[in-house]
Amino acid sequence: MIPVILSLFIFPVITGLILLILPWKTTKFIVIISALSLSAISVYLFINIDQPYYFAVPQYLNKVVAGFDILLLIYFGWIALRLKNWKIGILSALQLALLFYLLRVLPSSHSMQFMVDKLAVFMYLIINIISGIIAFYATRYMEEEDCSLSRKKYFLSVMFFFIAAMNMVVSADDLEYFYLFFELTTLASFLFIGFRKDPESVRNALTALWMNQAGGLVILAAIFFIAYNGYGAATFSNLMANGSASGVLIPLALLGMGALVKGAQIPFSNWLLGAMVAPTPVSALLHSSTMVKIAPFMILRLSPVLKDTPVAMVLVALSGFVFLASAIGALAQDNFKKILAHSTIALLALMIMMAAIGTPATILASLILILFHAISKSMLFLNAGILEKVFHIKQTSDMDRLGETGPFTSLAITIGFMSLLIPPFGAFIGKWLSIETLGSFAGNKNIFAVFVIIAVACGGAVLAFLYFKVLGIMISRSGEHDRIPFENTGTVFSVSIYILLVMLFTSMLALPVMLTGIFVPVVSGLSGVPLMAAYSGFTLQVGDLAIPLLPMMAAIVLFPVTVIVAMFLRFKKVDRAKEYACGEKINYSFSSFYFSTERVTPWFSIIGVLCLIALLVAACI
Amino acid sequence: MKGFIIPVLLIILAPFIGGLVHGLERIVRARMQRRIGPPLLQPFYDFLKLAGKRKMIVHSAHAFLGIMHFVSLWFALALLLLGGDLILVIFLHLLSTSLLILAGYSTRSIFSHLGANRTAISILAYEPVLIILAVSFYLVTGSFETAAVFNYDKPLLLEMPLAFVALLLILPVKLKKSPFDVAEAHQEITGGTEIEFSGIFYEAVYTAKWLDYVFCYTLVYLFAGNNILLGAALILFTFIYVNALDNSSARVNYKQMLRFSLAVAFSLAFLNLILNIVI
């Protein structure tokens, strides 16, 4: 099994190197082959790994890891010097000092550096399959990018390095290793965001770098506290084993903070919002299958010891607030990618919240959200790229008449938004489970739960409104366009969208099967107690949670039928009428509500910072 | 609601019952204005008349979305009456409203667009309140399923009076009655999303409104628990209240509506939730 797992780490790196060397013409071929084989490996691992699988790598690699850490930090320090960014400089210097100290103090004999459990293989599935599709899409997108051929190759190869780093992040048990991989994803996103080299890209790349460096620093601090508290080697499993020891909350809170940085939760949300200056495949990658998903992953990994602690309470409160706040912040945006970014932050908050609560039902909700969000968001971002390259649209206010010029793209975006909103898609199930679980907390006289419910209920409504705001401009077409053929956006673009659409619909139709086949094993693997999942009549009993299947399945039939039939159905023998406009003959262009939220958004980051302080305070008490 | 027969009958007859409620409403409103008003069955006469009209549509997707709005609303109503999960019912109701909004947006008609925009705003106004109501029901009955509410042996009205008031305040938004009928606003945007439907295709949207009556009054009925008499009284009261309010108030604009429902109705529902936990 070890070679198969290691191949997930090494194979993308090799692909990245090959892409750099071979001519551009072969790129598409190499990308397809690697994406397919990486997906196949991840599926194989998902089927074959049931129990947590620990394995060690040769001891000399510990030295290599430490060496890479130092090199990386020196590189960041060099960037800080070159671009005169004192924040990055201070953070790298601090990390370097702490790292040297830790290397001296920590026991040098690492036992098992890697641990691949059901959660890790679940993440493999998402990382490799979705990123593979995005990489395939990028081969076409980059063709039109205004840069030299070698830069294009470099872009794709960074993409595969990123995939490798992500595969390693989710399988590291040793926190030193985890720290390196965490920093590697930081490096990759820094390179990506600064790819276009214009002043704005450089500025946003630096923002992303310093914020993620702060994340690295808190992880090192967590390692320090694990060593200081004497839990032995700094590994996730040691941390779990000492779940009830005194002082365990401090490393937990620090790791949680690291997760919040990667998950771009307020007050760290600026780096993800700035990431949209990069080529669109980067946004698709950062938002759906990689980078931000480290956040819910880390919280899920820690959830067995995290749940019911004051730290978890603060995390829940913070993410409840972020869910509402970023939904409100999105209302003022006009840029399509920015709107998507805000909605990512909101949904990530929901995932983190569910993971932090840590009951089987909420872990299930979190996993469902992770999967469905990855599919829907990557599809939406890929469409944003198509809008940019084919239709030359970046702002939602320019999308008027897209329904006539680009019916397929507008249909895909509609389905993407709806999948984040209404039954029977995963995002809805996440919201549903979260409200019901929080309700049961409130039933135990927990006033705190009430505020989170309020945040979820309001945030959900605001998000729904936000999606309509965008759709409203986009989907309109006049009666003469009743029968319009789908636009041709090129093979690569349309194939990648079709794959994601098929994935979206099949995962929705197969949800009852996937619940027992994919999600429940992951949940039981995480909580250590096997979670029972059984059908009784028309309800699926998962633990103490009953999911009514019949209405769900009916909704599952209802929605796709509606959307797809509405697209293809043509009423015969019915006359067509012009739209009513009081007899006026004016060409209208449509727009939507505009909300100015600039007045409140500065307060959001202040509340975010207060929550972070509360997180530390809760850990120390 | 004992057994299975009554809910199933109610579901099958829902459009008919809703039509009767609409007819009654027109009479009551007329009497309030000292008119005689149309006969009780006038909505059904209208229905038959519409069926005979020349078939005209703007485009097929628009017409079809209108039909699916009706179908999905009926489905949500069925789940509500059969004792399904209240949160799921609310989300399914959102699904059906979404389809109407999408229909409104899918044409290039200004009034249709304005109506869809305003319907989306009204979702923002009532959706959070409904979810909080559902959680309140859970806190009192211990289950999210409406079946538990229908079998609850004490009147829920006494345990969550503020929630009932909150529901009364958002009902005009949902039923598109004055002062909160911004989404439809006949004099202003000529019916909003409805404007581009005609003839047999308008039938779907028209009868969907009847279904919405049944849906809303069932929500009201929930507050009576298993007390049928109290339930009938509550429905009667709400019916008169909604129509009296509709007759006596002028339309506010969408901002005022949003501000009112978030500031007053939402706070009341929230307060009720807190009280349900504390007591």
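Everything numeric here is computed off the predicted structure, so don't read it as measured data. Chains are numbered independently. Their residues run from 1 in the order of the written sequence. Labels are handed out in written order, letters beginning with A for the chains and numbers beginning with 1 for the ligands. Side-chain atom pairs in this predicted model are given and counted only at pLDDT of 80 or more, local residue features only at pLDDT of at least 70, and totals for whole chains, interfaces and linings cover all residues.

Regarding the overall build of chain B
Under the DSSP-based scheme used, a helix requires at least four consecutive residues in state H or I and a strand at least two consecutive residues in state E, with every element numbered from the N terminus. Helices and strands together make up the secondary structure of chain B, namely twelve helices and one strand. Listing every helix and strand of chain B by position from the N terminus yields α-α-β-α-α-α-α-α-α-α-α-α-α. In this description the radius of gyration comes from C-alpha coordinates, and the expected globular size is given by 2.2 Å times residues to the power 0.38. For 279 residues, the compact-globule estimate of 2.2 N^0.38 gives 19 Å, and the C-alpha radius of gyration of chain B, at 18 Å, lies within 12% of that figure. In terms of overall dimensions, chain B has C-alpha extents of about 60 × 40 × 40 Å along its principal axes.

What about the interface of chain B and chain A?
With C-beta atoms placed from the backbone, a contact is any residue pair whose C-beta atoms sit within 7 Å. Each partner contributes residues to the interface: chain B has 54 residues there, and chain A has 53 residues. Contributing elements (two or more residues each) for the side of chain B that touches chain A: strand 1 (56-57), helix 3 (60-81), helix 4 (86-106), helix 5 (110-141) and helix 12 (254-278) of chain B. Counting residues per element, the side of chain B that touches chain A draws most heavily on helix 5 of chain B, which supplies 15 residues. Looking at the side of chain B that touches chain A residue by residue, the class counts come to 38 nonpolar, ten polar and six charged. Polar here means any residue outside two lists: the nonpolar Ala, Val, Leu, Ile, Met, Phe, Trp, Tyr, Cys and Pro, and the charged Asp, Glu, Lys and Arg; Gly therefore counts as polar.

Observations concerning the packing of helix 10 (residues 199-222) of chain B against helix 11 (residues 228-248) of chain B
Residue and element names in this part refer to chain B. The axes are straight lines fitted to the C-alpha atoms, using for helices just the contacting stretch, and the angles between their N-to-C directions are given from 0 to 180°. Two elements in contact, helix 10 and helix 11, have axes whose closest approach is 8 Å; the angle formed by their N-to-C orientations is 130°. By the criterion of interaxial angle, the relationship of helix 10 to helix 11 is oblique. Between helix 10 and helix 11 the crossing geometry is right-handed. Note on element contacts: helix 11 touches helix 10 through Gly231, Leu234, Ile235 and Thr238, opposite Tyr217, Val220 and Tyr221. Among the residues forming the contact of helix 10 with helix 11, the class breakdown is five nonpolar, two polar and no charged. Just so you know how the angles are binned, under 35 degrees is roughly parallel, over 145 roughly antiparallel, 65 to 115 roughly perpendicular, and the rest oblique. The crossing is said to be left-handed when, going from far helix to near helix, the turn is anticlockwise and less than a right angle, and right-handed when the turn is clockwise.

Comments concerning the domain arrangement of chain A
Residue and element names in this part refer to chain A. The domain boundaries here were taken from an automatic or database domain assignment. Taken domain by domain, chain A comprises domain 1 (1-280) and domain 2 (307-570 + 588-621). Between the C-alpha centres of domain 1 and domain 2 there is a distance of 25 Å. Listed by partner, the interface residues are 32 residues for domain 1 and 48 residues for domain 2. Among the elements of the structure, helix 5 (118-141), helix 10 (249-262) and helix 11 (270-274) are those that each provide at least two residues to the side of domain 1 that touches domain 2.

Considerations on the environment of B:Thr97
Here B:Thr97 shows up in helix 4. Separated by 22 residues in sequence, B:Thr97 and B:Thr119 have C-alpha atoms that sit 8.2 Å apart.

Some words on the nonpolar core
Core analysis: the largest hydrophobic core is formed by 353 residues, its most contacted members being A:Ile352, A:Ile453, B:Leu77, B:Ala134 and B:Ala269. Looking at which element gives the most residues to this core, the answer is helix 20 (residues 447-474) of chain A, with 21 residues. Here this core spans two domains, since at least three of its residues come from each of domain 1 (1-280) and domain 2 (307-570 + 588-621) of chain A. To count as a nonpolar core, a set of buried Ala, Val, Leu, Ile, Met, Phe, Trp, Tyr and Cys residues must be joined through C-beta atoms within 7 Å. Counting other C-beta atoms within 10 Å of each residue's C-beta, where C-beta atoms are placed from the backbone, gives the exposure class: buried for 20 or more, exposed for 12 or fewer, partly exposed between.

A look at helix 3 of chain B
All names here are of chain B. Spanning 22 residues, helix 3 covers 32 Å between terminal C-alpha atoms, matching the ideal 32 Å at 1.5 Å per step. Of all 22 residues making up helix 3, 21 are buried, and the element is well covered by its neighbours. Looking at the residues trailing helix 3, positive phi occurs at glycine 83, about 85°. Multiplying 1.5 Å by the helix residue count minus one yields the expected span of that helix.

Examining the environment of A:Ser148
Its place among the elements puts A:Ser148 in the loop between helix 5 and helix 6 (149-171). Put simply, A:Ser148 and A:Val452 are 304 residues apart on the chain and 50 Å apart in space, counted from C-alpha to C-alpha.

Structural notes on the packing of helix 3 of chain B against helix 4 of chain B
All names here are of chain B. It is at 8 Å that the axes of helix 3 and helix 4 come closest, and there the two elements cross at 170°. One way to sum up the angle between helix 3 and helix 4 is to call them roughly antiparallel. Between helix 3, through Ala61, His62, Leu65, Gly66, Met68, His69, Ser72, Leu73, Phe75, Ala76, Leu79 and Leu80, and helix 4, the contact on the second element is made entirely by Leu88, Val89, Leu92, His93, Leu95, Ser96, Leu99, Leu100, Leu102, Ala103 and Ser106.

Examining the environment of A:Ala577
By the secondary structure assignment, A:Ala577 is in the loop between strand 6 (575-576) and helix 24 (601-620). Between the C-alpha atoms of A:Ala577 and A:Glu480, which are 97 residues apart in sequence, the distance is 9.6 Å. If near-sequence neighbours (up to four positions away) are discounted, A:Ala577 is found in contact with A:Gly479, B:Met56, B:Ile57 and B:Val58.

Points about unusual backbone geometry
One can expect most non-glycine residues to show negative phi and most peptide bonds to be in trans. The peptide bond linking A:Ile266 to A:Pro267 adopts the cis configuration, its omega dihedral lying at 10°. Among the structural elements, A:Pro267 can be located in the loop between helix 10 and helix 11. Positive phi, close to 60°, is recorded for B:Arg34, a residue that is not glycine. You can see B:Arg34 is positioned in the loop between helix 1 (5-32) and helix 2 (42-51). On the basis of neighbour count, B:Arg34 is assigned to the exposed category, with 6 C-beta atoms found within 10 Å.

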